[in-house]
Amino acid sequence: MKLIVGLGNPGRRYEATRHNVGFDCLAGVARALDAGRSSARFDADFFDCTWQGERILLVRPLTYMNLSGQSVRKFADFFRIPLPEILVICDDLALPPGKIRLRPGGSSGGQKGLQNICQMLGSTDIARLRIGIGATPAGWDTADYVLSRLGDDDRGAIDDAIVRAIEAVKCWVAEGMGPAMNRFNAPPEKNSNRSSENT
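First things first, this report covers the structure right here in the doc. Note that the coordinates shown come from a computational prediction; the quantities given were computed from them, not determined experimentally.

Calculation criteria
Residues numbered from 1 in each chain as written. Predicted model: local features only at pLDDT ≥ 70, side-chain atom pairs only at ≥ 80, totals over all residues. Heavy atoms only, no water. 1 Å grid on protein atoms, 1.4 Å probe; cavity = no way out; pocket = protein on both sides within 12 Å on 5 of 7 lines; lining within 4 Å. Points joined across faces, edges and corners; volume = space filled by probe spheres on them. Helix = DSSP H or I, 4+ residues; strand = E, 2+ residues; numbered from the N terminus. Nonpolar A, V, L, I, M, F, W, Y, C, P; charged D, E, K, R; others polar. Pairing = 2+ DSSP bridges. Axes fitted to C-alpha atoms, helices over the stretch in contact; angles between N-to-C directions. Buried < 20%, exposed > 50% of the residue type's maximum accessible area, 1.4 Å probe, protein only. Polar contact = N/O pair within 3.5 Å; in protein donor to acceptor, adjacent residues only side chain to side chain. Salt bridge = Lys/Arg side-chain N within 4 Å of Asp/Glu carboxyl O.

### A look at the layout of surface pockets
Right, so step 1: Estimated volume of the largest pocket: approximately 300 Å³.
Right, so step 2: If you trace the largest pocket, you find 17 residues lining it, with His19, Gly110, Gln111, Lys112 and Val146 closest to the centre.
Right, so step 3: Broken down by secondary-structure element, the contributors of at least two residues to the lining of the largest pocket are β5 (86–92) and α4 (142–146).
Right, so step 4: Across the lining of the largest pocket, the residue classes tally to six nonpolar, eight polar and three charged.

### With respect to the sheet that holds strand β6 (residues 100–103)
Right, so step 1: Taken together, seven strands build an open sheet; the order of strands is β2-β3-β4-β1-β5-β7-β6 and the sheet is mixed. Looking at the sheet topology across the chains shown, the edges are occupied by β2 (39–41) and β6. Recorded for the sheet is a direction-independent mean angle of 25° between the axes of neighbouring strands.
Right, so step 2: One ladder, built from three bridges, connects β2 with strand β3 (residues 44–51); its direction is antiparallel. Each residue of the ladder has a partner; that of Ser39, found in β3, is Phe46.

### Considering the side chain of Arg183
Right, so step 1: By the secondary structure assignment, Arg183 is in helix α6 (residues 177–184).
Right, so step 2: With relative accessibility at 15%, the residue Arg183 sits in the buried group.
Right, so step 3: Within polar-contact distance, the side chain of Arg183 engages the side chain of Glu175 at 3.2 Å.

### With respect to the pairing of β5
Right, so step 1: Of all seven residues in β5, seven are buried, a share of seventy percent or more.
Right, so step 2: Sheet analysis places strand β1 (residues 2–6) next to β5, joined by four bridges and oriented parallel. For Val5, the partnering residue across the bridge sits in β5 and is Val88.
Right, so step 3: As defined by bridge partners, β5 adjoins strand β7 (residues 127–132) across six bridges and the pair is classed as parallel. When the bridges of β7 are listed, Leu87 appears paired with Ala127.

### Some thoughts on the pairing of β1
Right, so step 1: Of all the five residues making up β1, five are buried; the element is thus mostly covered by neighbouring parts of the structure.
Right, so step 2: Side chains of β1 alternate between two faces, with Lys2, Ile4 and Gly6 and Leu3 and Val5 buried alike.

### Observations regarding the pattern of salt bridges
Right, so step 1: Summed over the entire model, instances satisfying the criterion amount to ten salt bridges.
Right, so step 2: Among the ionic pairs, Asp48 bridges to Arg55, the shortest N-O distance being 2.6 Å.
Right, so step 3: The class of Arg55 is partly exposed, set by a relative accessible area of 35%.
Right, so step 4: Arg155 is paired through a salt bridge with Asp159; the nearest N and O atoms lie 2.7 Å apart. Of this pair, Arg155 and Asp159 both sit in helix α5 (residues 152–175), four residues apart, which is roughly one turn of that helix.
Right, so step 5: When its relative accessible area of 22% is taken as the criterion, Arg155 is described as partly exposed.

What follows is the structure, given as structure tokens:
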């Protein structure tokens, strides 16, 4: 069984904001896996589906970003999901819009939701798929920036990144972290043909 978590903040005021690209990507994964209807449990919306013989839980914590780990810990404990079978999808300020990066673990990079998940699970060895939203512009407060809505300048790039991220999630489920990193951590133009072959 695998647990895939998309991070964001609940409520209409946060829809289409940079900080909610994890939610947006998870919704796309649910559609791609034909996951059906969501249910509510452990302070989250979640889908319980099977894809290529693997049972998968797609979880969207509704605790607000900074407390995401509370929900994730409950799912991991109840379903007895080991850490290597967990993947977190989140936004990242250090990556430019349009860039995605998979890693098997490491620092949270200041992403509060990922940080809380690592704290609640007692490990930084939590796989993550980061979607770039670009650095905070000069003169902006970082909190205001991540909670701002995507503009026309970067909406297209982030939409494209989410499409690639969905394929990266499918690759991680089917083939593991190594092949997924090799295929999707390269710049988009270098693997666009391979990505299309695996859709």
